[in-house]
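# Reading the structure
The primary structure of each chain is shown beneath.
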Amino acid sequence: MSDVLSAPLVVEFPFTRSLGPVQSAFLTGLRERTVLGVRTDDGTVLVPPVEYDPVTANELGDLVEVAPTGTVTTWAWNPSPRRDQPLDTPFAWVLVRLDGAGTALLHVLDAPGPDAVRTGMRVRIRWAATRTGAITDIACFEPYEGEPGPTEPAPHSGEFTDPVTGIVAPACLDYVHTPGRAQSAYIKALEERRTVGERCPACRKVYVPPRGACPTCGVATAEQVEVGPRGTVTTFCIVNIKAKNLDIEVPYVYAHIALDGADLALHGRIAGIPYDQVRMGLRVEPVWSEGARHVDHYRPTGEPDADYDTYKELV
Ligand SMILES: [Zn+2]
């Protein structure tokens with residue numbers, strides 16, 4: 001399996017969302033050291049609160065304040081915290097039912113080790129020194145031996161000055177990606193500026209990029225077939241919105257291109273021709289990126305357009 005590639009891959013983006021009235025009150029409340037829940041039609045207090053009853057789907061707005069103390073209902077020990085987790089020392093993920101709440105809140109518990117954590121233990125909120133209206137305004141939970149809070153939560157208007165109305169939640173997935181045998185061969189061929197697909201032994205179709213199996217017949221593919229480099233535009237769109245971090249002037253054309261010998265169209269940018277002259281059937285060839293093993297764009301070859309019948313199965 002040594003010819004199978006793998007590489008670290010990081011997918012990272014900020015997720016911006018508006019909060020709506022209930023989540024806005026909840027997060028603004030945390031900023032003010034106040035934990036709010038919402039009462040459902042059957043009287044259950046949900047913490048964190050939601051805008052609609054998960055059982056009846058009725059709109060909810062009956063906010064109440066619950067205690068900053070509660071009980072661990074279940075937990076899992078995290079021996080090796082990762083970047084941007086709430087604590088940078090080993091901790092327990094916990095579900096905590098705050099006093100007065102009917103449901104449990106997911107957060108972390110600062111504890112010296114798993115032996116110090118148990119279901120049913122009493123905990124309280126440790127507030128962050130700087131609070132902005134986010135779930136991280138609760139720095140963590142900590143063990144607590146004092147009196148429990150009131151079991152009957154107090155009504156709350158949910159109104160605060162300068163409420164938080166939106167949040168930016170950073171999302172990051174970092175992992176080791178392995179493309180598998182077939183795509184490893186495909187990527188290695190790209191290094192030599194060749195495009196290699198695989199032919200299905202049953203239906204004889206050539207897949208580019210290869211996935212290692214035929215999606216129609218369900219059988220493994222192994223026979224490697226070099227395709228292209230020229231191909232035919234089977235369909236296309238004109239892009240008018242400039243993407244961040246992409247140094248391409250709009251409008252430009254993005255197309256499905258059936259490389260000669262391939263039974264699956266791949267996509268790429270078309271350049272070297274005014275965007276409004278790109279058409280189905282246009283014959284194109286790749287222009288490779290300098291110093292990189294991928295095609296930068298495709299440009300017209302000057303050949304006559306392909307006959308529709310030659311690519312209609314690939315549109
Ligand atoms: Zn097949």
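Residues numbered from 1 in each chain as written. Predicted model: local features only at pLDDT ≥ 70, side-chain atom pairs only at ≥ 80, totals over all residues. Heavy atoms only, no water.

This paragraph deals with the sheet that holds strand β12 (residues 195-199). Reading across from one edge, β13-β12-β14 is the order of the three strands in this open sheet, with antiparallel pairing throughout. Edge positions in the sheet fall to β13 (206-207) and β14 (223-227), since each has one partner strand and no second. Taken together, the five bridges between β12 and β14 define a ladder with antiparallel strand orientation. Looking at the pairing, T195 lines up with V227 of β14. The sheet strands contacting helix α2 (residues 180-191) are β12 and β14, and the helix crosses β12 at an angle near 150 degrees. (Pairing = 2+ DSSP bridges. Helix = DSSP H or I, 4+ residues; strand = E, 2+ residues; numbered from the N terminus. Contact = heavy atoms within 4.5 Å. Axes fitted to C-alpha atoms, helices over the stretch in contact; angles between N-to-C directions.)

The next subject is the pairing of strand β17 (residues 266-270). Sheet faces and side chains relate simply in a regular strand, where the side chains alternate between the two faces. Most of β17 is tucked away, with four of its five residues classed as buried. For strand β16 (residues 252-259) and β17, the ladder comprises five bridges, and the chain directions are antiparallel. Residue pairing in the sheet places Y254 in a bridge with R269 of β17. Hairpin remark: β16 followed by β17, antiparallel, with six residues in the connecting loop; positive phi at G261, about 95 degrees. (Buried < 20%, exposed > 50% of the residue type's maximum accessible area, 1.4 Å probe, protein only.)

Another aspect to go through is the coordination of the zinc ion. Every protein donor of the zinc ion is accounted for by C200 (SG), C203 (SG), C214 (SG) and C217 (SG), and the metal-donor separations fall at 2.3 Å. The coordination sphere of the zinc ion comprises four donor atoms, whose angles at the metal cover 105 to 113 degrees; the geometry is tetrahedral. Of note, the donors binding the zinc ion are all from one chain and are spaced C-x2-C-x10-C-x2-C. Pair noted here: C203 is in the loop between β12 and β13 and C214 is in the loop between β13 and β14, with a separation of eleven residues, a long-range link. (Donors = N, O, S within 2.8 Å, 3.2 Å for Na, K, Ca; no water. Tetrahedral: all angles 85-135°; square planar, octahedral: opposite > 155°, others 65-115°.)

Among the nonpolar cores identified, the biggest contains 26 residues, and V35, L98, L109 and F141 are the most heavily contacted of them. The element contributing the most residues to this core is strand β6 (residues 91-98), with four residues. Ignoring any residue separated from it by four or fewer positions in sequence, one finds L98 in contact with V35, V47, V66, A67, P68, T69, G70, T103, L105 and F141. (Core = buried A, V, L, I, M, F, W, Y, C linked by side-chain atoms within 4.5 Å.)

The next thing to look at is the pattern of salt bridges. Counted under the stated rule, the structure contains 24 salt bridges. Here E142 ties to R126 by a salt bridge, and the two come within 2.7 Å at their closest N and O atoms. Of this pair, E142 sits in strand β9 (residues 138-143) while R126 is found in strand β8 (residues 122-127), placing the two residues 16 residues apart along the sequence. Across the pair R230 and E303 runs a salt bridge, and its minimum N-O distance is 3.2 Å. Placement of the pair is R230 in the loop between β14 and β15 (231-239) and E303 in the loop between β19 (295-300) and α3 (308-311), with a sequence separation of 73 residues. With a relative accessible area of 29%, E303 lands in the partly exposed category. (Salt bridge = Lys/Arg side-chain N within 4 Å of Asp/Glu carboxyl O.)

This part is about unusual backbone geometry. With an omega of 5 degrees, the peptide bond running from G228 to P229 counts as cis. Along the polypeptide, P229 turns up in the loop between β14 and β15. Notably, D84 is not glycine yet its phi reads approximately 70 degrees, a positive angle. By the element assignment, D84 lies in the loop between β5 (69-78) and β6. Judged by its relative accessible area of 69%, D84 falls in the exposed class.

Here we take up a nonpolar patch on the surface. Taken together, the side chains of L9, V11, F13, F15, L173 and Y175 make up a nonpolar region of the molecular surface, amounting to roughly 540 Å² of accessible area. Of all the secondary-structure elements, those providing two or more residues to the nonpolar patch are β1 (7-18) and β11 (166-177). At four residues, β1 tops the list of elements feeding residues into the nonpolar patch. On the basis of relative accessibility, which here comes to 45%, the residue F15 falls in the partly exposed class. (Patch = residues over 30% accessible without salt bridge, like charges linked within 9 Å, V, L, I, M, F, W, Y side chains within 5 Å. Areas by Shrake-Rupley, 256 points an atom, 1.4 Å probe, with all protein chains shown as cover.)

To continue, consider the domain arrangement of the protein chain. Reports often express the size of an interface as the amount of accessible area lost when the parts come together. What the domain assignment reports for the protein chain is domain 1 (7-172) and domain 2 (228-315). Each of domain 1 and domain 2 was reduced to a C-alpha centroid, and the two centroids are 50 Å apart. (Domains from an automatic or database assignment.)

Turning our attention to the environment of V64. Structurally, the position occupied by V64 is in strand β4 (residues 63-66). For the pair V64 and G158, spaced 94 residues apart in sequence, the C-alpha separation works out to 8.1 Å. V64 has contacts with V35, L36, G37, R39, V45, P153, A154, P155 and H156, leaving out every residue within four places of it along the chain.

Secondary-structure assignment places R122 in strand β8. Residue class for R122 comes out partly exposed when judged on its relative accessible area of 22%. Once the C-alpha coordinates of R122 and E147 are considered, the two residues, 25 residues apart in sequence, prove to be 9.7 Å apart. Every residue in contact with R122, bar those within four places of it in the chain, is listed here: T69, G70, T71, D99, E142, P143, Y144, E147, P148 and G149. Engagement of the side chain of R122 in a polar contact is seen with the backbone oxygen of G70, the distance being 3.3 Å. (Polar contact = N/O pair within 3.5 Å; in protein donor to acceptor, adjacent residues only side chain to side chain.)

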